[in-house]
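One letter stands for each residue in the lines below.
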Amino acid sequence: MFAGTLTYPVDHPNGAGQVIGMKKFLTSFVKDESGASAAEYALILAIIGTGIAVAAIGLGDAISGAMVSATDCINTPNATNCN
């Protein structure tokens, strides 16, 4: 191999093992969109997962507050905040 040359990988659509220049390789790499869908799906899953985690934390806090309030009402049934 000479400096500044690369070869296509075995499964590349332009031909396995062909020797190419750096400029042609970079142009081909930028135009290749075969892995874009997997990255997009991973990003979507990360966003959805973050939303679920935030919702679970908020729901957990609400449930915890309701349980504390119920415990207080059981311990002191005539309190003003018990219905």
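The structure displayed is predicted, hence computed values, not measured ones. (Residues numbered from 1 in each chain as written. Predicted model: local features only at pLDDT ≥ 70, side-chain atom pairs only at ≥ 80, totals over all residues. Heavy atoms only, no water.)

**As for the overall build of the protein**
Across its full length, the protein holds two helices and two strands. Seen in sequence order, the protein has helices and strands lined up from the N terminus as β-β-α-α. Across the 83 residues that make up the protein, the buried fraction comes to 7%. Summed over its atoms, the accessible surface of the protein is roughly 6800 Å², and 68% of this surface lies on carbon and sulfur atoms. (Helix = DSSP H or I, 4+ residues; strand = E, 2+ residues; numbered from the N terminus. Buried < 20%, exposed > 50% of the residue type's maximum accessible area, 1.4 Å probe, protein only. Areas by Shrake-Rupley, 256 points an atom, 1.4 Å probe, with all protein chains shown as cover.)

**Regarding a nonpolar patch on the surface**
A cluster of nonpolar side chains, namely Tyr41, Ile44, Ile48 and Ile52, defines an oily patch on the protein surface of about 440 Å² accessible area. Following the sequence through the fold, Ile48 ends up in helix α2 (residues 36–75). (Patch = residues over 30% accessible without salt bridge, like charges linked within 9 Å, V, L, I, M, F, W, Y side chains within 5 Å. Salt bridge = Lys/Arg side-chain N within 4 Å of Asp/Glu carboxyl O.)

**Some details on the confidence of the model for the protein**
Looking at the protein, pLDDT values average 77 and 70% of them are 70 or higher. Ranking the helices and strands of the protein by mean pLDDT puts α2 first, with 90, and strand β1 (residues 5–7) last, with 56. (pLDDT = per-residue confidence, 0-100.)

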